[in-house]
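# Notes for the structure review
What follows is the residue order along each chain.
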Amino acid sequence: MQDFQEEKFGNYISCVSRTSWLFVFSDEKKPCPLCPEEKFKACYSHKLHRHLQNLHWKVSVAFEGYRMCICHLPCHPVKPNLIGDQTFSKMGAHYHCIICSATITRRTDMIGHINRHVNKGETESRFITIPAPKSSHEVLKESATDVQVLPNYSTPQKTDSYFNPKMKLNRQLIFCALAVLAEERKPIECLDAFGATGIMGLQWAKHLRSSVKVTINDCNENSVTMIQENCHLNKMKVKLHTKEQDYDEAMGDGGENSDTIEVTKMDANVIMHLRSFDFIHLDPFGTSVNYLDSAFRNVRNLGIVSLTSTDISSLYAKAQHVALRHYGCNIVRTEYYKELAARIVIAAVTRAAARCNKGIEVLLAVALEHFVLVVVRVLRGPSPADDSAKKIRYLIHCQWCEERIFQKEGNMVEENPYQQLPCDCHGSMPGKTAVVLGPLWSGALFNTGFLRRMLFEAVQYGLDEAQPLLKTLVCEADCTTLKHFSIHSLYDENKQEECGVYIKTPNTSAESYLVHGKRKSDEVIRNAAKRQKSENSAEHPAFYYNIHRHSIKGMNMPKLNKFLNYLSEAGYRVSRTHFDPMGVRTNAPLAQFKTILMKYSTPTYLGGQAEGPVHLPEDVKAGEQVQAAADSKAEDAEHCGCSRVFV
């Protein structure tokens, strides 16, 4: 390659095959073939590949299976600049036309130049392109599924096929939800709207086999190519659709093999408008609100929509203006900010479903460090849509003591909204003390029966990372700490009862629910409404309290598990929560929560005393409680250094 000089060298190397990128993988240092030595020094293959990928390949122009990459070699001199007695001749970045010998500076001009050649019928290349050896991609394995990944695969800004190993737990939870739906009716059509490497859809097809018909979609051409290669790597058949017209014709043909993975290249909104699915998963980069209307437009009745939101900076109240822009929701940073984020996303999902005359039942809501996952079941009809929309309310949050309560239903304006709060901070503290947050989802975040079946599927498929979280979620949904799991007995019970909104009896096949049509669906929905009405009294309490946030200064708190027992002995429902490792979900008022915490805390100077009720002189006890309460409120006031929207 060093024999080529000047324009010939630039023409030769700037046009490369889309499958031959690049010939640089060796242990020796290599220069960039498209940049001069003074601009980019010789380096090792991994750094050179990253440079070529980010600087040259991403701004290339595609034509007939080849890419015309941008060139920085001295092939296209610009006008000289005369400064004093010296003349500086700059070399401009440019493209080389694969059809003629033209060098063009701008990418848009290059695209127009190629289109003019095509209109004239000139499509034959005048230059010989030698395909280079195929680059060796790194192969990763997850849940018995192999995927090829590009360099910088965990950085979405530097690669087209993004793969995040930290989202393994997220993928396992979604797989369990799909496996539960696959037990209800077979086969089901499922869509991974943002395939990237295709890892999620491949896991569905590889483990669930004929129970699912998998469609993997991505709008990026390089990602679609990577998905095809990963399908072949896992010995899966591929059916590719790259245009909407071809996709419509393929839908009319029918008779698709259930073992074949369908790969499509189109916008996620477009494919969800063109076709109906039983299961849809949305995992865009950032917020998913732009795709909710399309997802609920054609999703089938009793189907499932799951979405992963990774815009945690806005959902976790670090960028409050972004949350207002995307979700139409006012929030501040609170001790229960993760559950607040889950309720924000569910509220957006509910509004999108209601616009399509559909209601939802929340099956699962998880908020962890990197993502917020929401899984809902779709109920068609205006009545379920109205019932779901009524559960969107505003939240009144006290910024002094962190007490919170949902506003009452109704359109009448209350004279004193502070009366709804259980605390009396407004009367004892100066100024306005509460802030209105929302609108938020005020209903349940979990479906116990569905979570139990997900736990059974996690055990059956050996998903070790998801099992501890699912056990915590089952306890949190039941709001109890005394839970002994018997997986097989739980599953046998749930097969006979309605899990979510679907009843499966031994004498009734899953397909019959689809064949009988609207009459059977209405009956299922009526049964679901009756079940939900009967279980409203057992719904888990909203929100949780952090035991450290409400600790008393100068007092040693009891152990968390012992404190849960103390609350339970006092007659309150109590459980731990996955949102916060030190959080306590309970229906006890905050005042009673603090009273029990104070009762079983020991003073610091009595550290050797066993945990239990503290008996102090009345004057000492009263003085310490007043001082501790004042200190606690002062600390809370300092902590809440955020913007307020006062009632």
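Definitions and cut-offs
Residues numbered from 1 in each chain as written. Predicted model: local features only at pLDDT ≥ 70, side-chain atom pairs only at ≥ 80, totals over all residues. Heavy atoms only, no water. Axes fitted to C-alpha atoms, helices over the stretch in contact; angles between N-to-C directions. Helix = DSSP H or I, 4+ residues; strand = E, 2+ residues; numbered from the N terminus. Parallel < 35°, antiparallel > 145°, perpendicular 65-115°, else oblique. Left-handed = near helix turned anticlockwise from the far one by under 90°. Contact = heavy atoms within 4.5 Å. Nonpolar A, V, L, I, M, F, W, Y, C, P; charged D, E, K, R; others polar. Buried < 20%, exposed > 50% of the residue type's maximum accessible area, 1.4 Å probe, protein only. Expected span 1.5 Å × (residues − 1). Pairing = 2+ DSSP bridges. Polar contact = N/O pair within 3.5 Å; in protein donor to acceptor, adjacent residues only side chain to side chain. Arc of directions from axis to C-beta. UniProt positions renumbered as here; feature names shortened; annotations may be inferred. Core = buried A, V, L, I, M, F, W, Y, C linked by side-chain atoms within 4.5 Å. Phe/Tyr/Trp six-rings, centres within 6.5 Å; stacked < 30°, edge-to-face > 60°. Lys NZ or Arg CZ within 6 Å of the ring centre and 35° of its normal.

Moving on, we get to the packing of helix 20 (residues 560–569) against helix 21 (residues 590–599). Between helix 20 and helix 21, the least distance of the axes is 10 Å, while the angle of their chain directions is 120°. The angle between helix 20 and helix 21 falls in the class oblique. Crossing angle aside, the handedness with which helix 20 passes helix 21 is right-handed. Here Phe-563, Tyr-566 and Leu-567 of helix 20 come into contact with helix 21, specifically with Phe-593, Ile-596 and Leu-597. The residue makeup of the contact of helix 20 with helix 21, split by class, is six nonpolar, no polar and no charged.

Relative to the helices and strands, Pro-36 is located in the loop between strand 1 (15–17) and helix 2 (45–57). Given a relative accessible area of 15%, Pro-36 falls into the buried group. For the pair Pro-36 and Cys-71, spaced 35 residues apart in sequence, the C-alpha to C-alpha distance is 9.6 Å. Residues contacting Pro-36, with those up to four places away along its chain left out, are His-72 and Leu-73.

Taking 1.5 Å per residue, 19 residues should reach 27 Å; helix 12 (residues 337–355) reaches 27 Å between its end C-alpha atoms and fits that length. Most of helix 12 sits inside the fold, with 15 of its 19 residues counted as buried. Looking one or two places after helix 12, you find Asn-357, whose phi comes out positive at around 60°.

What follows is about the sheet that holds strand 23 (residues 574–576). The three strands are arranged 21-24-23 in an open sheet whose pairing can be described as antiparallel. The outermost strands of the open sheet, each flanked by one partner alone, are strand 21 (545–546) and strand 23. Both strand 23 and strand 24 (residues 583–586) contribute to a ladder of three bridges, which runs antiparallel. Pairing of Val-574 across the sheet is with Thr-586, part of strand 24.

Here we come to the side chain of Glu-184. With respect to the helices and strands, Glu-184 occurs in helix 4 (residues 168–184). Residue Glu-184 is classed as buried on the basis of its relative accessible area of 0%. There is a polar contact of 3.1 Å between the side chain of Glu-184 and the side chain of Arg-377.

The next thing to look at is helix 3 (residues 107–119). Between its first and last C-alpha, helix 3 extends 19 Å over 13 residues, near the 18 Å set by a 1.5 Å rise per residue. Residues of helix 3 that are buried: Met-110, His-113, Ile-114 and His-117. Taken down its axis, helix 3 places every buried residue within 95° of arc, on the same side. Opposite the packed face of helix 3, turned more than 90 degrees from it, sit the exposed residues Thr-108 and Asn-119. Positive backbone phi, at 85°, marks Gly-121, one or two positions downstream of helix 3.

So, about the UniProt feature "domain: C2H2-type" (unreviewed entry) in the protein. In the numbering used here, UniProt assigns the "domain: C2H2-type" (unreviewed entry) feature to residues 97–117. Secondary structure across residues 97–117 comprises 52% helix and 10% strand; the distance between its end C-alpha atoms is 10 Å.

Further remarks concern the nonpolar core. Grouped together as the largest cluster of nonpolar side chains are 110 residues, with contacts concentrated most on Phe-296, Met-454 and Leu-470. Element by element, the count of residues in this core is highest for helix 4, at eleven residues. Once you skip the residues sitting within four places of it in the chain, Leu-470 turns out to touch Leu-173, Cys-176, Leu-451, Met-454, Leu-455 and Ala-458. Grouped together as the second largest cluster of nonpolar side chains are 24 residues, Tyr-418, Ala-434, Tyr-545 and Leu-564 included.

Another point: the packing of aromatic side chains. Think of a pair of aromatic rings as described by two things: how far the centres are apart, and how the planes are tilted against each other in angle. Tallied over the full model, the rule gives ten aromatic pairs. Measuring from centroid to centroid gives 5.1 Å for Phe-175 and Tyr-461, while their planes differ by 90°, and the two rings are edge-to-face. Here the residue Phe-175 occupies a position in helix 4, and Tyr-461 occupies one in the loop between helix 15 (448–460) and helix 16 (466–478), the gap between them amounting to 286 residues. With relative accessibility at 4%, the residue Phe-175 sits in the buried group. Ring pairs connect the aromatic residues Tyr-336, Phe-406 and Phe-543, which therefore count as one cluster. Positioned over the ring face of Tyr-337 is Arg-333, at 3.8 Å from the centre of the ring. Above the plane of the ring of Phe-543 lies Arg-343, whose end atom (NZ or CZ) is 5.0 Å from the centre.

For the rest of this paragraph, the subject is the environment of His-94. You can see His-94 is positioned in the loop between strand 5 (86–88) and strand 6 (95–96). For His-94, a relative accessible area of 0% puts it in the buried group. The sequence separation of His-94 and His-72 amounts to 22 residues, and the corresponding C-alpha distance is 6.7 Å. Polar side-chain contacts of His-94 include one of 3.1 Å to the side chain of His-96.

The subject of this paragraph is unusual backbone geometry. For the bond running from Lys-186 to Pro-187, omega is -15°, close enough to zero to count as cis. You can see Pro-187 is positioned in the loop between helix 4 and strand 10 (188–192). Look at Ser-143: it is not a glycine, yet its phi comes out positive at around 55°. Here Ser-143 shows up in the loop between strand 8 (138–142) and strand 9 (145–149). Residue Ala-144 is not a glycine yet carries a positive backbone phi of 65°. The residue Ala-144 is located in the loop between strand 8 and strand 9 in this model. On the accessibility criterion, Ala-144 (41% relative accessible area) is partly exposed.

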